[in-house]
Amino acid sequence: MSEIIAQKVGALLADRSKEDRRWDDRKKENQELERLFIEAMQDSDRADLIKAKFGNYPKRLFDCAENLWFADRADKETGEEVLKLAKAEFCRIRHCPICQSRLSMKWVARFHQIMPSLLDKYKNTQFILLTLTVPNCEITELRSKIQEMNKAWHRMKNRAFFNKKILGFIRATEVTRNPIDETAHPHFHCLLHVRNSYFNGRNFITRDQWLRYWQEAMRDFSITQVDVRSVRNKKKNSADSLLKGALEVVKYATKHDNITAHTEWFIEYALQVERMRFMATGGTLKDLIADLEKDDLVHVDEERTKEARLTEDSGARLCFQWDRANYKRYQKGDFVDLDVREKKDKP
């Protein structure tokens, strides 16, 4: 099959690469976040505190992914052009939809890396999704409530039943906003790795038993809601089930759908969760952690951009620049990565 790139000449990134249209959506959400922080620093009665905590956020958000540089590659089989991100600057602010999107992709890449060895080492295992809730709290009490939940989780996972029946876990914290009374609803979404025997007879933990364990861990018997369900792929493939469950958990830790709807509420939320970790792993899944501050958010292998599927990288970098509405071609920003070119030219 020819490796000649089927070029698309469109000036807009969205026209040139259908798969990369999401960059426009993410950057627009990023702009909205920038606006919220600017508004809070100008109009809030706590402007000084907000400036002290988040004073550089508007500029960092503005600069985040302002320019994107892509390697111009092609699918070896179809010849279709594939733009693979090669360079970008990210703000790494936890609320930024661009950075959170890249981080979730990093998580998925980690899942793909560990799946073969994990499922080879732990045969006859599968995964369940567990959701643990607590009563809503005032947004000003969110930090202490999440800390209380974290302590309760540690109490529960150190119990004999957990150590005996749960091989590993990924735990994501999600916070949603109740639009009626403006309260916060923090809860945990957990992916649990279990043996097939977990579903047999006395080994099985029912929904009511999980509720009891969580009530005891939280020391709060007013809690009435937990949810537990098996993660099953139609083909009953363990690798696919892990990926499906992992994606389910990661999306909760990285989404921000309804928390930015109200500026004052969101700013208080940002103050409450500053420097808190919303993802935790343990046991067989402990090596899955991805770090927003440290990890490479550029080189993330999506299925469509895996090296084995693409033509060789020539080192040429195409620049697309944000114009407050779309990413557009910015030829003056193009450059050649000499390190890549030198490796390519070596015999």
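Conventions used here
Residues numbered from 1 in each chain as written. Predicted model: local features only at pLDDT ≥ 70, side-chain atom pairs only at ≥ 80, totals over all residues. Heavy atoms only, no water. Helix = DSSP H or I, 4+ residues; strand = E, 2+ residues; numbered from the N terminus. Buried < 20%, exposed > 50% of the residue type's maximum accessible area, 1.4 Å probe, protein only. Contact = heavy atoms within 4.5 Å. Areas by Shrake-Rupley, 256 points an atom, 1.4 Å probe, with all protein chains shown as cover. Expected span 1.5 Å × (residues − 1). Arc of directions from axis to C-beta. Pairing = 2+ DSSP bridges. Axes fitted to C-alpha atoms, helices over the stretch in contact; angles between N-to-C directions. Phe/Tyr/Trp six-rings, centres within 6.5 Å; stacked < 30°, edge-to-face > 60°. Core = buried A, V, L, I, M, F, W, Y, C linked by side-chain atoms within 4.5 Å. Polar contact = N/O pair within 3.5 Å; in protein donor to acceptor, adjacent residues only side chain to side chain. Salt bridge = Lys/Arg side-chain N within 4 Å of Asp/Glu carboxyl O.

Quick word on the overall build of the chain
Consideration 1: Tallying secondary structure elements over the chain gives eleven helices and ten strands in all.
Consideration 2: Relative to its full complement of 347 residues, the chain shows a buried share of 52%.
Consideration 3: Sequence-distant contacts, at least 24 apart, represent 75% of the contacts inside the chain between residues at least 6 apart.
Consideration 4: Surface exposure of the chain reaches about 17,900 Å², of which carbon and sulfur atoms provide 47%.

Side note on helix α6 (residues 142–157)
Consideration 1: Taking 1.5 Å per residue, 16 residues should reach 22 Å; α6 reaches 22 Å between its end C-alpha atoms and fits that length.
Consideration 2: Listing the buried residues of α6 in full gives Leu142, Lys145, Ile146, Met149, Asn150, Ala152, Trp153 and Met156. In an axial view of α6, the angular spread of the buried residues amounts to 165°, which keeps them on one side of the axis.
Consideration 3: Residues of α6 that are buried sit in contact with β3 (125–133), α7 (160–165), β4 (168–177), β5 (184–195), α8 (207–218) and α10 (263–273).

Examining the sheet that holds strand β7 (residues 279–283)
Adjacent strands of a sheet form backbone hydrogen bonds with each other and so pair up, either parallel or antiparallel.
Consideration 1: Spatially, the five strands line up as an open sheet ordered β6-β3-β5-β4-β7, and their pairing is antiparallel. This sheet does not close on itself; its edge strands, each paired only once, are β6 (226–231) and β7. Along the sheet, successive strands turn relative to each other by an average axial angle of 20°, direction set aside.
Consideration 2: Sheet topology note: the β4/β5 ladder contains ten bridges and is antiparallel. Within β5, the residue paired with Arg177 across the bridge is Ala184.
Consideration 3: Sheet strands touched by helix α5 (residues 97–121): β3, β4, β5 and β7. Its angle to β3, the strand with the most contacts, is close to 135°.

Some thoughts on the packing of aromatic side chains
The relation between two aromatic rings is expressed through the spacing of the ring centres and the mutual angle of the planes.
Consideration 1: Overall, the coordinates contain 22 aromatic pairs when judged by the stated rule.
Consideration 2: Considering the side-chain rings of Phe37 and Phe266, the 5.6 Å spacing of their centres and the 75° angle between planes classify their relative orientation as edge-to-face. Linking Phe37 in helix α2 (residues 22–43) with Phe266 in helix α10, this pair joins segments that are 229 residues apart in sequence.
Consideration 3: With relative accessibility at 0%, the residue Phe266 sits in the buried group.

Regarding the environment of Gln225
Consideration 1: Structurally, Gln225 can be placed in the loop between α8 and β6.
Consideration 2: Overall, the relative accessible area of 47% leaves Gln225 in the partly exposed class.
Consideration 3: Residues Gln225 and Asp208, spaced 17 residues apart in sequence, show a C-alpha to C-alpha distance of 9.4 Å.

Examining the nonpolar core
Consideration 1: In this structure, Trp23, Phe37, Leu68, Phe90, Leu142, Ile170 and Tyr269 are the most contacted members of the largest nonpolar core, which totals 61 residues.
Consideration 2: For this core, the leading source of residues is α5, giving eight residues.
Consideration 3: Ranked by size, the runner-up nonpolar core spans 27 residues in total, among them Trp153, Ile166, Cys190 and Leu192.

Observations regarding the side chain of Asp295
Consideration 1: The topology assignment puts Asp295 in the loop between β7 and β8 (316–322).
Consideration 2: One polar contact links Asp295 to Arg110, side chain to side chain, over a distance of 3.2 Å.

Remarks on the pattern of salt bridges
Consideration 1: The full count for this structure, using the stated rule, is 23 salt bridges.
Consideration 2: Arg35 serves as the salt-bridge partner of Glu39, at 2.6 Å between the closest nitrogen and oxygen. Taken together, the residues Glu39 and Arg35, both in helix α2 and four residues apart, mark about one turn of the helix.
Consideration 3: A residue is classified by how much of its surface remains accessible, and Arg35, at 36% relative accessible area, is partly exposed.

Focus: the pairing of β7
Each regular strand shows side chains that alternate between the opposite faces of the sheet.
Consideration 1: A large share of β7 lies buried, amounting to four of its five residues.
Consideration 2: The pairing of β4 with β7 spans five bridges and is classified as antiparallel. In the sheet register, Gly168 faces β7, and the bridge partner there is Gly283.

So, the environment of Thr206
Consideration 1: Position of Thr206 relative to the elements: it lies in the loop between β5 and α8.
Consideration 2: Placed 21 residues apart in sequence, Thr206 and Asp227 show a C-alpha to C-alpha distance of 9.9 Å.

Section: α8
Consideration 1: The end-to-end C-alpha distance of α8 is 16 Å, a good match for the 16 Å that twelve residues give at a rise of 1.5 Å each.
Consideration 2: Buried within α8 we find Trp210, Leu211, Tyr213, Trp214, Gln215, Ala217 and Met218.
Consideration 3: Arg219 occupies a position one or two residues after α8 and carries a positive phi of about 55°.

Overview of the side chain of Thr284
Consideration 1: With respect to the helices and strands, Thr284 occurs in the loop between β7 and β8.
Consideration 2: You can call Thr284 buried: its relative accessible area is 17%.
Consideration 3: In this structure Thr284 touches Leu118, Tyr122, Leu167, Gly168 and His193, once residues within four positions along its chain are discounted.

What is shown is where atoms sit, not what they do.
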